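# Structure assessment
Below, each chain spelled out in residue letters.
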Protein chains: 2
Amino acid sequence: MRVGVLGTGRVGRAIAARLAELGHEVVVGTRDPTATMTRTEPDGMGNPPFRTWAEAHPQVRGGSFADAAAASEVIVNATSGAGSLPSLTAAGEDNLAGKVLLDIANPLDFSAGMPPTLLVKDTDSLGEQIQRAFPQAKVVKTLNTMNALVMVHPDRVPGDHSVFVAGDDANAKQTVMNLLHGFGWSADNIVDLGGIRSARGVEMYLPLWLSLRQALGTGDFNINVVRA
Amino acid sequence: MRVGVLGTGRVGRAIAARLAELGHEVVVGTRDPTATMTRTEPDGMGNPPFRTWAEAHPQVRGGSFADAAAASEVIVNATSGAGSLPSLTAAGEDNLAGKVLLDIANPLDFSAGMPPTLLVKDTDSLGEQIQRAFPQAKVVKTLNTMNALVMVHPDRVPGDHSVFVAGDDANAKQTVMNLLHGFGWSADNIVDLGGIRSARGVEMYLPLWLSLRQALGTGDFNINVVRA
């Protein structure tokens, strides 16, 4: 498929590299492509300059948010929580209309230091905000409950463990589940939570994820839903 | 041990019955014991009248919140989220001082219907509120991430799955872990999240738990933390 990945951080890079490896046509979008490609310092999260990554992944094209969205059937939101709505606005409502919008972003607010708080919660979610802002896009929330390496290589964590999907459009969820299968997620380990409203639960899981990362001393873990 | 269980709902009954079965001396506390024992209708959550349960569990004593707390080394808060601070106040600060306070309550607000929202979240938690209100009690948050039957009979759910503990006092956490072992939780499946601040994560997990219950069509499930 043609997939536009918005965001050049750890998550965007992991998703884009894995999709390209699996034979998809990938365009990575960023706010200011020239600035992104000329930067020679690590980014704000300590990732190496994007240019280094891009040179190692010549099969991935780069461009603006709008370039990535216009070129693609599926758009992946891998921007920050605070940056999601502005980035998607820059991608262009028309470029998102009718398309699958796979939303991985977590609405974390790091402005008061660690641990982060949530920009939206409880009676609303970022997934729902995005769906409301872009009603013609088919938003599917998924993959936000684990670190980037586990998202695209679930076999890093042994045995069964779960990935959640939430969205209002059944066909869009099926498209996303097919991409998840490609990453290595078995059908039994994909939990369909229902409509996009269920984004609340998976976003509000983040404080527990952060506690677990601290307690376990690693982000290389996931949770498995076990039924009686 | 001598354990006071505050609350006569589904969770209080399950915990009290299991503790008594395991040979602990249990007093169940309620706001108004006479009213609780004379009621012949199901309670607000559809549970059979407490009197019926009490007659089937003659080894469990009943009393006021203060009776239950005064008689006990460990106090279990199995009241509702909204009722927790008033119930603990009725139990009496002096009756809680120096004791282990095992807190299972979830700060759920059902006043606007289903799904409930959270009365406290993100930058605070009910566990922390209780610890601040009763600084001489040793609050340990645990068991709030699953239904009552799974709490006390973890073997209802097959294989490995996790229970979390959070609290500032290491000895109190050890006492709680010993009680959990008695219920059937293996040491490997008890995840120590650190201080009581981590109550935020386990309380904010509830919206995901509620989504999962709806998606799975049962509350008989739990999550297992799987490490790479």
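Computed from a predicted model, the values in this text were never measured in an experiment. (Residues numbered from 1 in each chain as written. Chains lettered and ligands numbered in written order. Predicted model: local features only at pLDDT ≥ 70, side-chain atom pairs only at ≥ 80, totals over all residues. Heavy atoms only, no water.)

### Details of helix α1 (residues 10–21) of chain B
All names here are of chain B. Using the following cut-off: Think of it this way: any DSSP run of H or I at least four residues long counts as a helix, any run of E at least two long counts as a strand, and we number them from the N terminus. By definition here, a helix of n residues has an expected span of 1.5 Å times n minus one. In this scheme, a residue with accessible area under 20% of its type's maximum is buried, one over 50% is exposed, and one in between is partly exposed, where area comes from a 1.4 Å probe on protein chains only. Note on contacts: a residue pair qualifies if any of its non-hydrogen atoms lie within 4.5 Å across the two residues.
Helix length check: α1 (twelve residues) gives 17 Å between terminal C-alpha atoms against 16 Å at 1.5 Å per residue, within 8%. The element α1 is largely enclosed, with a buried count of nine among its twelve residues. On the buried face of α1, the contacting elements are β1 (2–6), β2 (25–30), α3 (50–56), β4 (74–77), α8 (148–152) and α9 (170–183).

### So, the interface of chain B and chain A
Our working rule: Here the quantity called buried area is the accessible surface, traced with a 1.4 Å probe, that two parts lose on coming together, added over both. We define a salt bridge as a side-chain nitrogen of Lys or Arg found within 4 Å of a carboxyl oxygen belonging to Asp or Glu. Any N or O atom pair separated by 3.5 Å or less is treated as a polar contact, with the protein-specific requirement of one donor-capable and one acceptor-capable atom, and with residues adjacent in sequence counted only for side-chain atom pairs. In this classification, Asp, Glu, Lys and Arg are treated as charged, Ala, Val, Leu, Ile, Met, Phe, Trp, Tyr, Cys and Pro as nonpolar, and every other residue, Gly included, as polar. Between any two strands, at least two bridges found by DSSP are needed for them to pair.
The interface is formed by 37 residues belonging to chain B together with 37 residues belonging to chain A. Of the roughly 3,000 Å² buried at the junction of chain B and chain A (both faces included), carbon and sulfur atoms supply 69%. Counting the surface chain B buries against chain A, the share from its top three residues, L208(B), V226(B) and R227(B), is 19%. At the junction of chain B and chain A, the tally comes to two salt bridges. In this structure, K121(B) engages D122(A) in a salt bridge whose closest nitrogen and oxygen atoms are separated by 2.8 Å. Between the two partners, chain B and chain A, sit eleven residue pairs in polar contact (both at pLDDT 80 or more). Secondary-structure elements contributing two or more residues to the side of chain B that touches chain A are β7 (117–118), β10 (190–194), α10 (199–204), α11 (206–216) and β11 (221–227) of chain B. Ranked by residue count, the leading element in the side of chain B that touches chain A is β11(B), at seven residues. Class assignment of the residues belonging to the side of chain B that touches chain A gives a composition of 20 nonpolar, nine polar and eight charged. Where strand β11 (residues 221–227) of chain A and β11(B) come together, seven bridges link them in antiparallel fashion. The partner of F221(A) across the bridge, within β11(B), is R227(B).

### As for the packing of helix α5 (residues 84–91) of chain B against helix α7 (residues 126–133) of chain B
The axes of two packed helices give the description: the angle between them and the distance between them. Residue and element names in this part refer to chain B. Threshold: Axis definition: a line fitted to C-alpha atoms, over the contacting stretch in the case of helices. Angles run 0 to 180 degrees between N-to-C directions. Working rule for angles: under 35 degrees goes down as roughly parallel, over 145 as roughly antiparallel, 65 to 115 as roughly perpendicular, anything else as oblique. The crossing is said to be left-handed when, going from far helix to near helix, the turn is anticlockwise and less than a right angle, and right-handed when the turn is clockwise.
Look at α5 against α7: their axes get within 11 Å of each other, and the N-to-C directions meet at 25°. Here α5 is positioned roughly parallel relative to α7, judged by the angle of their axes. Considering only the axes of α5 and α7, their crossing is right-handed. Together, S84, L85 and L88 of α5 and L126, Q129, I130 and A133 of α7 make up the contact between the two elements. The residue inventory of the contact of α5 with α7, partitioned by class, reads five nonpolar, two polar and no charged.

### Focus: the relation of the copies chain B and chain A
We count it as follows: Superposition of the copies was done by least squares, using only C-alpha atoms of residues whose pLDDT is at least 70 in both.
In the superposition of chain B on chain A (RMSD 0.0 Å, axial shift 0.0 Å), the rotation amounts to 180°. Taken together, the rotation and translation describe the operation of a two-fold axis. Comparing interface residues between copies, 100% of those in chain B also lie at the interface in chain A; the contact surface is shared.

### Some remarks on the pairing of β4(B)
Residue and element names in this part refer to chain B. Taking every second residue as pointing to the same face, both faces of β4 are buried, with V74 and V76 on one and I75 and N77 on the other. Relative to strand β5 (residues 100–103), β4 is paired through four bridges, and the arrangement is parallel. In the strand pairing of β5, N77 is matched with D103.

### Things to note about the pattern of salt bridges
Residue and element names in this part refer to chain A. Inspection of every chain in the model, using the stated rule, returns 20 salt bridges over all chains. The shortest N-O distance in the salt bridge between D192 and K173 comes to 2.9 Å. One end of the pair, D192, is in strand β10 (residues 190–192); the other, K173, is in helix α9 (residues 170–183), and 19 residues separate them in sequence. Under the relative-accessibility criterion, D192 is labelled partly exposed at 35%. Of the residues examined, K173 reaches a relative accessible area of 8% and is grouped as buried. A cluster of three or more residues bridged by salt bridges with shared partners is formed by D103, K141 and E203.

### Examining the side chain of N77(A)
All names here are of chain A. Position of N77 relative to the elements: it lies in strand β4 (residues 74–77). Given a relative accessible area of 0%, N77 falls into the buried group. Within polar-contact distance, the side chain of N77 engages the side chain of T79 at 2.7 Å. A distance of 2.9 Å separates polar atoms of two side chains, one belonging to N77 and the other to D103. Contacts of N77, omitting those with residues within four sequence positions, involve L6, S84, L88, L101, L102, D103, I104, A105 and I130.

### Concerning the sheet that holds strand β8 (residues 138–142) of chain A
Hydrogen bonding along the main chain pairs the strands of a sheet, whether they run parallel or antiparallel. All names here are of chain A. The eight strands are arranged β3-β2-β1-β4-β5-β8-β9-β10 in an open sheet whose pairing can be described as mixed. Both outer strands of the open sheet, β3 (61–64) and β10, are each paired with one neighbouring strand and no more. The average undirected angle you get between the axes of adjacent strands in this sheet is 25°. The strands touched by α9 are β4, β5 (100–103), β8, β9 (163–167) and β10; relative to β9, the strand with the most contacts, the crossing angle is about 160°.

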